[in-house]
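# Structure at a glance
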Amino acid sequence: MARKKQLLETAETYVSVSMKVNGVPCSAKIEPRTLLVHFLRDVLGLTGTHWGCDTGNCGACTVIMNGKSVKSCNIFAVQADGAEIITIEGLAKDGQLHPIQEAFWENHGLQCGFCTPGFIMQAYWLLQQNPNPTEEEVRRGISGNICRCTGYQNIVKAILTAAEKMKR
Amino acid sequence: MAVSAIFGAKVKRREDPRMITGRGRYTDDVKLPGMLYAAFVRSPHAHARIKGVNIEKAKKIKGVVCIYTGKDTEGKVAPVPCAWQIPNADLKVPKYNPLAVDKVRYVGDPVAVVVAETPYAARDAAEAVEVEYEPLPAVVNQVEATEEGAPQLYDDVPNNIAFRWTLQGGDVEKAFQEAEIVIEQDLINHRLQPTAIETRGAVANYDPSTGELTMWMTSQNPHIHRFLISVMTGVPEHKLRVIAPDVGGGFGSKIHVYGAEAVVAFLAKELCRPVKWMEDRRENYLATIHGRDHIQHVRVAAKRDGTILGIEVKTYANLGAYLSTAAPGIPTWLFGLMLCGPYRIQAVKCEVIGVLTNTAPVDAYRGAGRPEATYILERIIDILARELGMDPAEIRLRNFIPADAFPYQTAAGPVYDSGNYEQAFKRALELIEYEKLREEQRRAREEGKLLGIGISSYVEICGLGPSRGVRATGFGLGLWESTTVRVHPTGKVSVYTGGHPHGQGEETTFAQIVAEELGIPIDDVDIIHGDTGEIPFGMGTYGSRTTPVAGGAIALACRRIKEKARKIAAYILEAGEADVEFEAGKFYVRGSPEKSVPIQQVALASYAAGEGEIPPGMEPGLESTVFYDPENFTFPFGTHVALVEIDPETGQVKVLKYVAVDDCGRQINPMIVEGQVHGGIVQGIAQALWEEALYDKNGNLLTATLSDYAVPTAADVPSFVTDSTVTPSPHNPLGVKGVGETGTIASTPAIVNAVVDALAHLGVKHVDMPLRADKIWKILKEKDIAK
């Protein structure tokens, strides 16, 4: 009984949020302090978005919110109320990999894979902003994401390859 | 050995489809019904007595289920064991409680654990636990910790010295007597934070009806974790299942056994509910092991023609507050054994003093001991060359072990299996156009530009290792590797390996080995790893061992399968076994390749096991389990060369060109080899230029977030030119050597040598790492270069 009461009390402090994630409308009651990354992972079960630092440095939690790349560990889910979100799960269409995903695969742009969804989402935004980036621009454009395995060379190569693919 | 299209091909990785679509499954993705969340209360003091723990306020927080202090778990969760107890070193292993009981010894030392219905509630409650501390003086520097009057961490470890270890080979005294020149240098190989992007964590689930406890955890070696967590928690080993799912980077930090994971297992059993704990980044930086941290003094005896006669090293190794799993072996064996490097040094003496301090435990981090050895050699050889007025390239060529001298036993002890150091060296110099660069450097200096060229040649010990060899060093278990290769009735193959790749790509390279050995399509092979419920006892992935040792085991298992399959095929073909050939997955009688039996047909026959299918008396089935214990270590080598430019105004170092020529023996998948080298180079450059774990004198970690600890981004590093030579290991079943750490080992000294080279004409002989802009700027200001 005590536990039930406790849970009910907690429920009173919950707030509703609604957003469209990968084209699917979803809503839930959550603690107001819930971070967007935790909402995506723990409430919606979209575990492709990772978290790695809590301070907005590593970029493993990068998703697209209303067309812009954001670090979902630095945003409360309530700030995303009404937003359109794209996560790594929403990139492939009809079983067809997105050219960026293909390019990461073909160019060995990942090793342990933990930072990969964040890099792919950042690249997705970067190539929308600048469809013809130079190596220098790619390196600067992904400098908000950290990879500890690849030394970045093949990530950069993958993004440059993806840019070519997306022109076709 | 026949080279097929698959072995040696740049096959796209089979790991990738799940990871690029968000379907990777990491520990934090495991969610079980009724799951609770744990959070640790960690010490804000580097050294303090615990006077009391008040949990009353914390208990009242909504969603809190229970709180355990160190006193509550004492006797229920055993102390964390040290698994590398080096002999003849007067080793002292202090008690390493999973939760501190009377005293805390570093900032981050866990004091209590909170379990709650949600992760947020657990963290709220952890903050609300009130611990009363009596702060004690702390010591973070390992030399100071050994001095008279220093704070003592333990009553039974006088002067905080955990061990004194010595290695000697050849006649060191004679080398120094005969020397025409003696060089001495103090070097600091500073502390690093491994920084796997996935932090550590675990989920434990206990089934009281069967007594089985299942753990998902971020592990590089699930069987080692099962073994030691079983010992710590009392859950029988056969009732404990450890699953290491996808692991988001390890770099050594997920080899070790920590108290936290064992506490999570204990909680799940106590509460009969699943419990999850994931570190946040700050916790990861405070309490997951750190790496390196040597204070070194080196002396070298040489002739005036550059020939090195002997080397003497004294190192103070900082071990942190407790002895982590492999801690005593890293700065001793993995360091001292490699102090001759790729050179014909006839005499070596190495003394290591292992010191406990009020800092996070230090253990294996990428390279583990070998970068520290290589750094000494590659720095001192440059300093010697400068002193003698020789070119750093010339002095290395003078000292290399010649290609015809292998197998070669060094004065430090190991027998190098194979090598051609000069070949890799010359290739690297050719690729970077060394002579041309020196010319460019001369011109640049005239224009006031600061260009520097740095060379680093290395050989490393990996493929750990022959069990008798590693047991003699005090390592807790042998370092063989296991596999079961199972051919199913349809000819599809499941491979269960004791290795646990977590980024190194062996789900792909191991399938390439099997496809080559059995002559079957790669898509017919699956690699299963990381689950103690499925695979034979295995030793895991670290120390660049997985391809040579686990890969070797797989090759041998395939060969045993082929032996049996050949017998079956001979029986089906009604031929003598000696007359049966195997090629591209088919058996046939020599001279009649048109009438063949594919291995898939043999597989089916082996399970059908009837008359005309397998020879009478033969055991049915087609699988093999191999425990491969290598006869020697493997010794990859190579040369890296860097060109850097220093901005004279800011002191900022920029890497302009970087060439790496590595030799890891035969390559199964050159694309993956190259990727390993790239990543290693950046970690090594990061140590040379930016990364540094910094404690203040009171033992506060100043670099406890990714905002403060300077991991490089893509904008900080260039693209690298990589190439390789191929000198197969003669004793490995595949001729492979391992490549996971070469980049890290080689690149740090290459960069430091280049930066010092850029400043050499100003009279600079050595600068300790990391070579951040502020440090270089101060030097340039002293020399009246910077304003």
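Residues numbered from 1 in each chain as written. Chains lettered and ligands numbered in written order. Predicted model: local features only at pLDDT ≥ 70, side-chain atom pairs only at ≥ 80, totals over all residues. Heavy atoms only, no water.

If you look chain B up in an unreviewed UniProt entry, it shows as Xanthine dehydrogenase family protein molybdopterin-binding subunit from Caldiarchaeum subterraneum.

The name that an unreviewed UniProt entry assigns to chain A is (2Fe-2S)-binding protein, with the source organism given as Caldiarchaeum subterraneum.

Secondary structure summary: chain B contains 21 helices and 28 strands in total. Against the globule reference of 28 Å for 787 residues, chain B gives a C-alpha radius of gyration of 28 Å, in line with a compact fold. C-alpha atoms of chain B, sized along the principal axes, occupy 90 × 70 × 50 Å. Looking at chain B as a whole, 67% of its 787 residues are labelled buried. Put simply, of all contacts in chain B between residues at least 6 apart along the chain, 80% involve residues at least 24 apart. Surface exposure of chain B reaches about 26600 Å², of which carbon and sulfur atoms provide 49%. Charged side chains in chain B number 82 positive and 100 negative. The centres of these two groups are separated by 2 Å. (Helix = DSSP H or I, 4+ residues; strand = E, 2+ residues; numbered from the N terminus. Rg over C-alpha atoms; globule rule 2.2 N^0.38 Å. Buried < 20%, exposed > 50% of the residue type's maximum accessible area, 1.4 Å probe, protein only. Contact = heavy atoms within 4.5 Å. Areas by Shrake-Rupley, 256 points an atom, 1.4 Å probe, with all protein chains shown as cover. Lys, Arg positive; Asp, Glu negative; His and termini not counted. Charge placed at Lys NZ, Arg CZ, Asp CG, Glu CD.)

Let us now look at the overall build of chain A. Along its length, chain A carries 6 helices and 5 strands. Starting at the N terminus and ending at the C terminus, chain A contains elements arranged as α-β-β-α-β-β-β-α-α-α-α. Projected onto its principal axes, the C-alpha coordinates of chain A cover approximately 60 × 30 × 25 Å. A buried classification covers 55% of the 168 residues belonging to chain A.

Right, let's get into the domain arrangement of chain B. Residues and elements named next belong to chain B. What the domain assignment reports for chain B is domain 1 (16-22 + 481-628) and domain 2 (421-461 + 634-787). Relative placement of domain 1 and domain 2: their C-alpha centres are 41 Å apart. Contact with domain 1, which involves 18 residues of that partner, is made by 16 residues of domain 2. With both chains or domains summed, domain 1 and domain 2 bury close to 1200 Å², and 59% of this area falls on carbon and sulfur atoms. (Domains from an automatic or database assignment. Buried area = accessible area lost by both parts, 1.4 Å probe.)

This part is about the packing of helix H3 (residues 99-106) of chain A against helix H6 (residues 153-167) of chain A. Packed helices, taken two at a time, are described by the angle their axes make and the gap between the axes. Residues and elements named next belong to chain A. Where H3 meets H6, the axes come as close as 8 Å, and the angle between the chain directions of the two elements is 135°. On the basis of their axis angle, the class for H3 and H6 is oblique. Between H3 and H6 lies a crossing of right-handed hand. Residues Pro-99, Ile-100, Glu-102, Ala-103, Phe-104 and Glu-106 of H3 form the contact with H6, whose own contacting residues are Ile-155, Ala-158, Ile-159, Thr-161, Ala-162, Lys-165 and Met-166. In the contact of H3 with H6, the residues fall into 9 nonpolar, 1 polar and 3 charged. (Axes fitted to C-alpha atoms, helices over the stretch in contact; angles between N-to-C directions. Parallel < 35°, antiparallel > 145°, perpendicular 65-115°, else oblique. Left-handed = near helix turned anticlockwise from the far one by under 90°. Nonpolar A, V, L, I, M, F, W, Y, C, P; charged D, E, K, R; others polar.)

Our next topic: the pattern of salt bridges. Any two side chains of opposite charge can pair, on the condition that their charged atoms come close. Tallying each qualifying case throughout the model produces 55 salt bridges over all chains. The partner of Asp417(B) in a salt bridge is Lys737(B), with the nearest N and O atoms 3.4 Å apart. Linking Asp417(B) in the loop between strand S17 (415-416) and helix H13 (421-432) with Lys737(B) in the loop between strand S28 (721-724) and helix H20 (742-759), this pair joins segments that are 320 residues apart in sequence. Among the charged side chains, a network of salt bridges with common partners joins Arg41(A), Asp28(B), Asp29(B) and Lys276(B). (Salt bridge = Lys/Arg side-chain N within 4 Å of Asp/Glu carboxyl O.)

Residue and element names in this part refer to chain B. According to the relative accessible area criterion, Asp-417 is buried, its value standing at 4%. Residue contacts for Asp-417: discarding those within four places in its chain leaves Phe-406, Pro-407, Asn-632, Phe-633, Thr-634, Phe-635, Ser-729, Pro-730, His-731 and Lys-737. Among the polar contacts made by the side chain of Asp-417, one reaches the side chain of Lys-737 at a distance of 3.4 Å. (Polar contact = N/O pair within 3.5 Å; in protein donor to acceptor, adjacent residues only side chain to side chain.)

Moving on to the domain arrangement of chain A. All names here are of chain A. The domain architecture assigned to chain A consists of domain 1 (2-90) and domain 2 (99-167). Each side of the interface is counted separately: domain 1 has 17 residues, and domain 2 has 14 residues. Summing the contributions of domain 1 and of domain 2, the shared interface buries around 1200 Å²; its carbon and sulfur component is 61%. There are 0 salt bridges connecting domain 1 and domain 2. Elements supplying a minimum of two residues to the side of domain 1 that touches domain 2: strand S3 (62-65) and strand S4 (68-71). Residues belonging to the side of domain 1 that touches domain 2 are distributed by class as follows: 7 nonpolar, 8 polar and 2 charged.

To summarise the sheet geometry, strands pair through backbone hydrogen bonds and adopt either a parallel or an antiparallel arrangement. Residue and element names in this part refer to chain B. In space, the 5 strands of this open sheet follow the order S7-S15-S14-S13-S8, with mixed pairing throughout. On the outer flanks of this sheet lie strand S7 (161-169) and strand S8 (181-192), each paired with one strand and no other. Within the sheet, the average angular offset between the axes of one strand and its neighbour, ignoring direction, is 10°. Both S8 and strand S13 (residues 291-302) contribute to a ladder of 11 bridges, which runs antiparallel. (Pairing = 2+ DSSP bridges.)

This next bit is on the sheet that holds S3(A). Residue and element names in this part refer to chain A. Pairing in this open sheet of 5 strands is mixed, and the strands run S2-S1-S5-S3-S4 from one edge to the other. The outermost strands of the open sheet, each flanked by one partner alone, are strand S2 (24-30) and S4. Averaged over all pairs of adjacent strands, the angle between their axes in this sheet comes to 40°, without regard to strand direction. Pairing of S3 with S4 involves 4 bridges; the strand directions are antiparallel. Across the sheet, residue Thr-62 finds its bridge partner in S4, namely Lys-71.

Next up on the list: the environment of Val487(B). Residues and elements named next belong to chain B. Turning to its location among the elements, Val-487 is positioned in strand S19 (residues 481-487). Given the relative accessible area of 2%, Val-487 is considered buried. Leave out the neighbours within four places in its chain, and Val-487 touches Lys-492, Val-493, Leu-518, Ile-561, Ala-603, Tyr-607, Leu-622 and Glu-623.

Our focus in this paragraph is the UniProt feature "domain: Aldehyde oxidase/xanthine dehydrogenase a/b hammerhead" (unreviewed entry) in chain B. UniProt feature "domain: Aldehyde oxidase/xanthine dehydrogenase a/b hammerhead" (unreviewed entry): in the numbering of this structure it lies at residues 21-137 of chain B. End-to-end, the C-alpha atoms of residues 21-137 of chain B are 51 Å apart, and along that stretch the chain is 15% helix and 30% strand. (UniProt positions renumbered as here; feature names shortened; annotations may be inferred.)

Attention now moves to the interface of chain A and chain B. Listed as interface residues are 52 residues of chain A and, on the opposing side, 60 residues of chain B. Between chain A and chain B lies a buried interface of about 4700 Å² when both sides are counted; carbon and sulfur atoms form 54% of it. Our enumeration of links across chain A and chain B arrives at 4 salt bridges. Broken down by secondary-structure element, the contributors of at least two residues to the side of chain A that touches chain B are helix H1 (2-12), helix H2 (36-43), H3, helix H4 (116-129), helix H5 (135-141) and H6 of chain A.

Residue and element names in this part refer to chain B. Between its first and last C-alpha, H13 extends 17 Å over 12 residues, near the 16 Å set by a 1.5 Å rise per residue. Against the buried residues of H13 lie helix H12 (392-399), S17, helix H14 (434-446), strand S18 (450-459), strand S26 (637-646) and strand S27 (653-663). Two residues or fewer past H13, Glu-433 is found with a positive phi of approximately 55°. (Expected span 1.5 Å × (residues − 1).)

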